[in-house]
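For reference, the chains in residue letters:
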Amino acid sequence: MFACARRFAEGGLAKSCIHVQSAGGIDKGFVVIVCRACPDPPCARVCPTDALLPREGGGVKLDIEECIGCGNCVEACPFGAILWDGEQNKPRVCVYCGYCAPHCPYGVLALEELEEAPHDRG
Amino acid sequence: MTVDKLLERVLYVDLDKRRFHVEHRPELFEEAIGGTGVAIRLLHEECPEGADPMGPENPMIMAVGPMVGLYPLASKTVAMFKSPHTGNLGESHAGGRSAVALRLAGYGALVVRGVSNMPVYLVIDEAGVQFRDASALWGMHSSYTVGSVLREREAGSGLRSIMRIGRAGERGVTYACVITETFRHFGRLGLGTVWGSKGLKALVIRGKHALPVADRRAYRRTYDGIFETLTESSLMQKYHELGTAMNVLPLNELGALPTKNLQDARFEGAEAISGEALAEEYLGRRVACAHCPVACIHLATLRTSFPDKPYFYKTQLVGYDHEPIFATGSMLGLDEVNGMLSLLDEIEVHGLDAMSAGVALAWATEMLERELISLEDTDGVEFRWGNAEAYIEGAGKIVTQPTDFYKALARGVDHASSIYGGRDAALAFGGNEMPGYHTGPGCHVGYLTGARQSHLDSAGYSVDQKVAQSGESLTPSELAETLLEEERWRQVLTSLVICLFARNVYEPETVINSLEPLGISTTESELREIGARILREKNAFKEREGFSMDSLRIPERITETMSPLGQVDPAYMRETIEAYRQKL
């Protein structure tokens with residue numbers, strides 16, 4: 001989470017596109033919520049201004065100028081992976097830059113090129 | 001020093017009137033950094049002389065520092081208050097998500113004043129404070145349940161800290177803790193008791209602010225340098241692998257592991273409760289505080305069966321560290337791991353300080369052996385070394401206090417021994433029960449002189465071990481100087497607020513380099529000066545409230561049981577304490 005915000009060379013969590021929370025208490029472990037690079041992303045389908053478009057290689061691209069801040073994409077993503085930037089009133093979503101991966105010392109996060117769509121992986 | 005605009009905001013909460021306001025206090029953070037430095041300033045401002053620790057005039061203060069939310073392992077919150085346990089300076093630190101949550105909610109410090117006329121919990125975020133009815137949570141048997149109720153009821157999962165007290169805090173046990181994120185604690189000196197006296201059951205703090213920096217390029221470069229040291233050097237390895245429990249066996253081999261109320265310093269069952277044995281057989285999960293790559297939090301699996309119901313089990317996780325293992329294991333002669341974990345679990349249910357509770361039960365066991373107390377006093381509980389069931393029952397009775405004896409024990413061994421005798425075996429230092437080291441005079445002087453009567457103040461246990469290795473003894477003046485220098489520097493680390501486990505990573509140069517990109521220019525001598533001043537401010541508070549280095553009680557037991565440095569000489573200790581006082 002912190003590494004993702006540090007892409008913008010700032011601290012805190014306002015701009016992070018990864019969310020980590022416990023699975024109902026720390027004894028249950030943690031859940032990493034991040035864009036799963038759906039082959040036909042529902043978030044893009046519901047965007048009324050086409051500000052959110054499928055990105056080549058997976059994921060989506062946000063054109064911040066076109067975005068009207070309606071929040072449809074947040075509702076559409078079943079993983080809750082579209083986060084919200086309350087300061088700008090715009091969505092925040094992973095851009096697959098991979099900056100987080102080397103900052104995860106346990107190898108939970110990695111950036112890999114995949115031959116096939118990742119949705120059939122767990 | 002300059003301070004960012006979020007850190008300088010101090011949130012004041014008035015429980016009497018159910019109001020809150022924010023004050024901008026840049027001067028406070030410029031002069032005192034944050035954390036312990038800011039908290040002691042606020043305590044001086046807020047706490048009147050002679051305040052009743054359980055009264056409305058005792059403030060509850062929490063503070064974080066400039067590096068929190070920006071650098072790894074800057075992950076701690078400092079709580080300050082007048083301690084109901086010692087009647088003097090109360091200071092306790094915890095990690096979990098507490099520090100990041102408070103900082104990213106947009107505050108550098110929190111001051112809670114007054115007493116609520118009904119049980120409340122507070123929800124704190126960037127919008128301020130919501131006062132919520134906690135009457136249904138008050139009196140609830142288990143602190144775990146309180147946590148899971150709040151987890152479901154309040155928003156902000158992943159961005160919040162849920163701090164709560166158990167019934168020990170509600171019922172005035174003077175060593176009640178505040179539990180945060182289930183497995184971390186503001187453990188010592190009775191922060192939970194202060195909350196209980198205020199009718200404050202829980203705090204939910206959440207936030208996700210951005211923290212801009214002055215020099216973006218330097219910030220990322222410095223961060224990555226520190227991150228690499230933390231993850232790739234061997235400095236953090238012991239915390240990462242076995243955790244603090246790795247200390248059990250080496251201390252036992254040295255003859256420094258307090259055993260059976262320190263009647264011994266070696267425990268025949270040490271192997272069974274060692275970090276190695278726990279990691280091999282019981283470790284269920286390792287987790288980390290927010291913004292920490294180390295993951296020192298070790299959680300053991302405890303599988304218990306339901307009596308009379310065949311093949312019915314529940315499996316839960318219980319946190320362990322060196323100190324809880326010493327307090328509920330060796331100190332109680334308990335080498336059966338399931339029993340030890342069950343006792344730790346019971347302590348967690350009630351929200352007791354595991355260290356004080358273990359030492360109190362150990363003292364009670366010896367008192368029963370010596371027939372200074374009877375089974376009538378213990379309400380029929382037969383405390384016996386290694387008897388987990390009796391200790392589990394006893395822990396519950398410290399909270400419910402069915403006899404005068406438990407009422408006394410609920411105020412600690414210093415107080416209980418003033419009524420029932422056994423002062424020689426009452427292992428409290430400045431009123432606070434001992435930590436898990438009997439390494440020599442250094443550790444004990446440290447417990448006595450340290451601002452929070454803790455092994456973490458000046459790490460005397462480490463000084464003793466260095467003396468044992470080198471074979472060169474220190475004069476009282478040299479020992480005092482070593483302890484003092486360590487304690488002064490630790491004021492800087494705990495003002496920033498950096499986890500003390502990372503003290504060898506955040507050396508002065510690294511601290512200075514980390515602050516630079518945040519727009520804070522300082523020097524090592526300036527930092528050390530601030531550290532020395534903070535320590536003096538703490539001791540000024542203590543003296544004001546009646547603390548005196550001259551009248552500190554040295555429990556005879558520590559001079560009777562052999563340490564790795566031989567018999568601890570009380571005259572040498574007194575001389576060291578006097579030297580410490582003069583140098584301070």
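### Some words on the pattern of salt bridges
Residues and elements named next belong to chain B.
Link 1 in the chain: In this structure the tally under the stated criterion is 34 salt bridges over all chains.
Link 2 in the chain: Where arginine 184 meets aspartate 321, a salt bridge forms, and the shortest distance between an N and an O atom there is 3.3 Å. One end of the pair, arginine 184, is in strand 11 (residues 184-186); the other, aspartate 321, is in the loop between strand 16 (313-320) and helix 11 (322-328), and 137 residues separate them in sequence. Like aspartate 321, arginine 184 is buried.
Link 3 in the chain: In this structure, the salt-bridge partner of lysine 397 is aspartate 379, at a minimum N-O distance of 2.8 Å. Taken together, the residues span a long stretch of sequence, with lysine 397 in helix 14 (residues 388-400) and aspartate 379 in the loop between helix 13 (354-369) and helix 14 at a distance of 18 residues.

### Brief notes about the environment of valine 146 of chain B
Link 1 in the chain: Position of valine 146 of chain B among the secondary structure elements: in helix 4 (residues 143-153).
Link 2 in the chain: Spatially, the C-alpha atoms of valine 146 of chain B and alanine 360 of chain B are 26 Å apart, while their sequence positions differ by 214 residues.

### Describing the domain arrangement of chain B
All names here are of chain B.
Link 1 in the chain: Per the domain assignment, the segments making up chain B are domain 1 (9-206), domain 2 (235-418) and domain 3 (441-583).
Link 2 in the chain: On a C-alpha basis, the centres of domain 1 and domain 3 stand 26 Å from each other.
Link 3 in the chain: The partner domain 3 presents 30 residues to the 38 residues of domain 1 that form the contact.
Link 4 in the chain: Considering only the side of domain 1, the residues that lose the most area to domain 3 are Ile33, Met67 and Asn88, jointly responsible for 21% of the buried surface there.

### Focus on the pairing of strand 4 (residues 77-82) of chain B
Each regular strand carries side chains that alternate between the two faces of the sheet.
All names here are of chain B.
Link 1 in the chain: For strand 4, a buried count of 6 out of 6 residues is recorded, marking the element as mostly surrounded by other parts of the structure.
Link 2 in the chain: Side chains Thr77, Ala79 and Phe81 project from strand 4 onto one buried face, and the interleaved Val78, Met80 and Lys82 project onto a second face that is buried too.
Link 3 in the chain: The sheet contact formed by strand 3 (residues 60-63) and strand 4 spans 3 bridges and is antiparallel. Residue pairing for strand 4: alanine 63 is matched across the bridge by valine 78.
Link 4 in the chain: When strand 4 meets strand 5 (residues 89-94), the two strands line up antiparallel, connected through 6 bridges. Residue pairing across strands places threonine 77 opposite alanine 94, the latter belonging to strand 5.
Link 5 in the chain: Two successive antiparallel strands, strand 4 and strand 5, enclose a turn made up of 6 residues, where glycine 87 displays a positive phi of approximately 70°.

### As for unusual backbone geometry
All names here are of chain B.
Link 1 in the chain: Looking along the chain, the bond that leaves leucine 496 and enters valine 497 is cis, with omega of -15°.
Link 2 in the chain: With respect to the helices and strands, the residue valine 497 is situated in the loop between helix 20 (476-496) and helix 21 (508-515).
Link 3 in the chain: At leucine 189, a position not held by glycine, the phi torsion is positive, near 70°.
Link 4 in the chain: Structurally, the position occupied by leucine 189 is in the loop between strand 11 and helix 6 (191-198).
Link 5 in the chain: In this structure, alanine 295 takes a positive phi of about 60° despite not being glycine.

### Some points on the nonpolar core
Residues and elements named next belong to chain B.
Link 1 in the chain: If you look at the biggest cluster of nonpolar residues, it comprises 197 residues, and the most contacted ones within it are Met62, Leu110, Trp195, Leu203, Leu352 and Trp363.
Link 2 in the chain: The leading source of residues in this core is helix 13, at 10 residues.
Link 3 in the chain: For leucine 352, the contacting residues outside a window of four places in its chain are Ala168, Val173, Tyr175, Ala176, Cys177, Ile347, Ala357, Ala395, Ile398 and Val399.

### A word on the interface of chain B and chain A
Link 1 in the chain: If you look at the interface, chain B gives 33 residues, while chain A gives 30 residues.
Link 2 in the chain: Connecting chain B to chain A are 0 salt bridges.
Link 3 in the chain: On inspection of chain B and its partner chain A, the count reaches 17 residue pairs in polar contact (both at pLDDT 80 or more).
Link 4 in the chain: For the side of chain B that touches chain A, the element with the highest residue contribution is helix 7 (residues 216-232) of chain B, accounting for 7 residues.
Link 5 in the chain: The residue inventory of the side of chain B that touches chain A, partitioned by class, reads 17 nonpolar, 7 polar and 9 charged.

What counts, and at which threshold
Residues numbered from 1 in each chain as written. Chains lettered and ligands numbered in written order. Predicted model: local features only at pLDDT ≥ 70, side-chain atom pairs only at ≥ 80, totals over all residues. Heavy atoms only, no water. Salt bridge = Lys/Arg side-chain N within 4 Å of Asp/Glu carboxyl O. Helix = DSSP H or I, 4+ residues; strand = E, 2+ residues; numbered from the N terminus. Buried < 20%, exposed > 50% of the residue type's maximum accessible area, 1.4 Å probe, protein only. Domains from an automatic or database assignment. Contact = heavy atoms within 4.5 Å. Buried area = accessible area lost by both parts, 1.4 Å probe. Pairing = 2+ DSSP bridges. Core = buried A, V, L, I, M, F, W, Y, C linked by side-chain atoms within 4.5 Å. Polar contact = N/O pair within 3.5 Å; in protein donor to acceptor, adjacent residues only side chain to side chain. Nonpolar A, V, L, I, M, F, W, Y, C, P; charged D, E, K, R; others polar.

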